[in-house]
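# Descriptive analysis of the structure
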Amino acid sequence: MEIPEEKYQLTPVENNAKPARRRKTKSHVWKYFTVESISPECKRAFCNTCRKSFAYSMVQENGGSRHLEKGTCGATAGLDNNNEGDDQATPYTPSTRTRTTARVSESRKRRYRSPSSAYMAVFNPDVCRQDIARMIIMHDYPLDMVEHPGFQSFVQSLQPQFGAVSIDTIQGECVSSYLSEKQKVMRLIDAMPGRVCLSLDMRMSRNSLAYVFITGHFTDSNWKTQKWILNVVLEPYPDSHNALSHAVACCLSDWRLESKLLSLTLNHPVPEAGLENLRSHLCVKNPLILKGQLLLGQCISHTFTAMVNDILSAGGDIIKKIRDNIKYVTTSENHGEKFLHLKEQLQVPSEVHLFLDDKSQWNTTYQMLVSASELQEVFSCLDTVIPEYKEAPTMEDWKQVESLCTHLRSLFDAMNLLVSSPSPPAITLFQEGFRIQTTIACAATGDPFIGSFIKSMQEKIDKYWKECGLILAISVVMDPRFKMKLVEFSFSKLFGEESPLYVKMVDDGLHELFEEYVALPLPPSPAYGGDHGNIDRAEEHNQGGSISEYGLADFDMYIMENTTQQFKSEIDQYLDENLEGRGSNLDVLEWWKQKRSKYPTMSKMARDILSIPVSTTLPESMFSTKPRELSPNARSETLEPFVCTKDWLQHGLTEDFGGLESLVVSDLSNPALKVEF
């Protein structure tokens, strides 16, 4: 601590005399404390008013000032009676410097004290740069923020020892974090006991470059589903037939997954030539399950969105007319008041309010049409209170609005289920797909307006069932509450007399898939209960003693001739057993985990099948009518490290970073710089 010059006393130096030692004046705080010897080697400072004792060094280091500032002992209320004459103490008034020091000290304690941290950290600029890099990654901040004067000033106020950081330095820290986290994800994937499913999503940048986001889905050794963004691959020519093949090949090679791929789920339309190129490319190194019938699938939410676009396109004119009428009412205070007054006069029971939609979010368009439809009586009579209002929708217009709402409602409800559960079970999507197909089948095809979009919707949902129906149906069969029964019931409603043919296709595919898993070797791991079963049988064998086979050949023949019950495979045993109750919220994966000793092969198959993502659209993009675009801060050279690391950190694979603690730490060798956490 720097001492003002007036605190020093200088003594003239004679020729042969040694200079006098500087002597600091005694602090005025000692007027209120008395030093007493407790023992020959121990001195304590006692407050003259309250007689509370303190360590001598504590009073010396501003501890006495803090005690007097509290005002609890009365030392600041008047004079000290223990002192007389000129040495009598005066009421204590803390100096400006003392008050500032105290405030800073208390502020530091409040800011940096952590209940779980009882240690003193040393300032480490490397850790600080790592935390800044993670902050930029987690919040999508631009890299050049580290050179902003405001940010640099803020950092300096926290830790003056921390120097300025360049863009290149912080970019290197971001890439270093990516490589470190990637090793942890790699170990997790290497320990994966089954197969992996990939989902592909293509996004465009502002300069019209396409990037393929590849996400891996699998079930880990603890029977927990995992979902990690693995790669972001630049595709300058996204319309080429081999664009996706290149991206998938990069991912499989990067993560050593060439022989572990089960399926691909696409979140954007791909031409047939591109799909064939992708399928043939994957056949080279990856053994396809079920002859590749599970390899390629479409995201069901993408199919729903395409159907919504058909409806909105067909109803574009009437939607614009309704929007203009709502704008006429809501943008004028006078018109709005007259509309509400007329609603009260007509005693319309609806409690909805008019509002304009966001054209980029189709759910708001649907809700706008619903609210307008409930208030159509008010619109029809509005010209009686506003004579210049001449654009009221006709009865035919309202009929079209009702048709739009009817077909949007089923899609709106289905998408809301996907929003509420980002990873919905297959049974939910199977039921929603069945319900939407039933709604389309029951549509009045004789109406020209409905016919303008219903045919296109029917084609899209039929295409989805053709490409993904087997995946979805087998996933439903893996649910012990439904098995084949729900498939049989739903197909009878959808396909009528032809339903047995489609049910047989699912049953044949299910058994063929089971036979392929039977041919796969069981891993040397207790994950499926095989080892436990062998141990149990060995113990039983030892406990029961050895049995001689002499004379039992005729007995075996007798058993074969008199046994009518045929041997059943695992899958037939599973399908023939009673359904589980639907009263509780059953965790299907946990159920298979508990049954892995009874169904070692079926449990492997269920584990992989239930990892297939049926819907991959993010909740915030579920109702969007526009393709997703990259952040304007995205840079092509750092896009993959930033996107992947952010996803890994958000999933909590690694420990949380220290935040500001790396900035506000001190050198333990200097007690004056210590900061308490």
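Note that this is a predicted model, so its numbers are computed, not measured. (Residues numbered from 1 in each chain as written. Predicted model: local features only at pLDDT ≥ 70, side-chain atom pairs only at ≥ 80, totals over all residues. Heavy atoms only, no water.)

## Re the nonpolar core
The test is simple: Put simply, buried Ala, Val, Leu, Ile, Met, Phe, Trp, Tyr and Cys residues joined by side-chain atoms within 4.5 Å make one nonpolar core. Here's how the labels work: a residue is buried when its accessible area is under 20% of the maximum for its type, exposed when over 50%, partly exposed in between, all with a 1.4 Å probe on protein chains only. We call two residues in contact when some of their heavy atoms are within 4.5 Å.
Among the nonpolar cores identified, the biggest contains 93 residues, and W362 and W592 are the most heavily contacted of them. When sequence neighbours within four positions are dropped, the list of residues in contact with W592 reads W223, M478, Y574, Y599, M602, S603, A606 and L610. Counting residues in hydrophobic clusters, the runner-up holds 41 residues, among them F213, V270, L296 and W648.

## Describing the confidence of the model for the chain
Any residue range with low pLDDT should be treated as having predicted coordinates unsuitable for detailed reading. Short version of the rule: pLDDT expresses, on a scale from 0 to 100, how confident the predictor is about each individual residue. Numbered from the N terminus, helices here are DSSP runs of H or I no shorter than four residues, and strands are runs of E no shorter than two.
Looking at the chain, pLDDT values average 78 and 75% of them are 70 or higher. Least confident of the elements in the chain is helix 18 (residues 530-544), whose mean pLDDT is 37; most confident is helix 11 (residues 362-374), at 95. Note that residues 94-119 has pLDDT below 50 and, in this model, 28 contacts with residues that lie over four places away or in other chains. Taken together, the stretch residues 522-546 has pLDDT below 50 and engages in 20 contacts with residues farther than four places along the chain or on a different chain.

## A closer look at the pattern of salt bridges
Inclusion rule: Salt bridges are defined by distance alone: a side-chain nitrogen of Lys or Arg within 4 Å of a carboxyl oxygen of Asp or Glu.
Taken as a whole and assessed by the stated rule, the structure comprises 19 salt bridges. The shortest N-O distance in the salt bridge between R129 and D126 comes to 2.3 Å. Here R129 and its partner D126 are both found in helix 3 (residues 125-139), 3 residues apart, which amounts to about one turn of the helix. Residue D126 is classed as partly exposed on the basis of its relative accessible area of 40%. Residue R323 pairs with D357 through a salt bridge whose shortest N-O separation is 2.9 Å. Remark: D357 occurs in the loop between helix 10 (333-346) and helix 11 and R323 occurs in helix 9 (residues 316-330); sequence separation between them is 34 residues. Judged by its relative accessible area of 14%, R323 falls in the buried class. Its relative accessible area of 12% is what places D357 among the buried residues. The network of salt bridges with shared partners includes D126, R129 and E173.

## Quick notes on the packing of helix 13 (residues 395-420) against helix 15 (residues 448-477)
Quick note on the threshold: Only the stretch in contact is used when a helix axis is fitted, and all axes are lines through C-alpha atoms; the angle between N-to-C directions ranges over 0 to 180 degrees. Any angle between 65 and 115 degrees counts as roughly perpendicular, while under 35 counts as roughly parallel, over 145 as roughly antiparallel, and the rest as oblique. For any helix crossing, the convention is left-handed if the near helix is rotated counterclockwise from the far helix by under a right angle, and right-handed if that rotation is clockwise. Throughout this entry, Asp, Glu, Lys and Arg are counted as charged residues, while Ala, Val, Leu, Ile, Met, Phe, Trp, Tyr, Cys and Pro are counted as nonpolar. The remaining residues, Gly among them, count as polar.
Running from N to C, helix 13 and helix 15 point in directions that differ by 20°, and their axes come no closer than 10 Å. With respect to helix 15, the element helix 13 is oriented roughly parallel. Once helix 13 is placed against helix 15, the crossing between them reads as right-handed. Across the interface between the two elements, Q400, S403, L404, H407 and L411 of helix 13 pack against F449, I450, F453, I454 and M457 of helix 15. Split by residue class, the contact of helix 13 with helix 15 holds 7 nonpolar, 3 polar and no charged.

## Topic: the sheet that holds strand 2 (residues 42-47)
Our working definition: In this description, strands pair whenever DSSP reports at least two bridges between them.
The antiparallel open sheet is built from 3 strands, whose spatial order is 1-2-3. The outermost strands of the open sheet, each flanked by one partner alone, are strand 1 (33-39) and strand 3 (53-55). Going from strand to strand, the sheet's axes swing by 40° on average, the running direction of each strand aside.

## Details of the packing of aromatic side chains
Filter applied, for reference: Centre distance within 6.5 Å is the pairing criterion for rings of Phe, Tyr and Trp, where only the six-membered ring of Trp is used; planes under 30 degrees apart are then read as stacked, over 60 as edge-to-face, and the remainder as tilted. Only when the NZ atom of a Lys or the CZ atom of an Arg is both within 6 Å of the ring centre and within 35 degrees of the ring normal do we say a charge sits over the ring.
Overall, the coordinates contain 20 aromatic pairs when judged by the stated rule. Grouped by ring-pair contacts, the aromatic residues F430, Y464, W465, F491, F495 and Y502 constitute a single cluster. The ring of W255 carries K182 above its face, with NZ or CZ at 5.3 Å from the centroid. The ring centre of F213 lies 3.9 Å from the NZ or CZ of R203, which sits over that ring.

## Section: unusual backbone geometry
Residues other than glycine seldom take positive phi values, yet R256 does so here, at roughly 55°. Inspection of the secondary structure assignment puts R256 in the loop between helix 6 (243-254) and strand 7 (261-266). Located in the positive-phi region is Q347, a residue other than glycine, with phi close to 55°. By the secondary structure assignment, Q347 is in the loop between helix 10 and helix 11.

## A closer look at the sheet that holds strand 4 (residues 196-204)
Taken together, 5 strands build an open sheet; the order of strands is 6-5-4-7-8 and the sheet is mixed. Only two strands of the sheet have a single neighbouring strand rather than two, namely strand 6 (225-235) and strand 8 (296-298). When the angles between neighbouring strand axes are averaged without regard to direction, this sheet yields 25°. Sheet analysis places strand 4 next to strand 7, joined by 5 bridges and oriented parallel. If you follow L198 over to strand 7, its bridge partner there is L264.

## Details of the packing of helix 3 against helix 5 (residues 167-190)
Taken N-terminus to C-terminus, the directions of helix 3 and helix 5 make an angle of 80°; their axes are 9 Å apart at the nearest point. Judged by the angle between their axes, helix 3 and helix 5 are roughly perpendicular. Residues R129, Q130, I132, A133, R134, I136 and I137 of helix 3 form the contact with helix 5, whose participating residues are T169, I170, E173, C174, S177 and E181.

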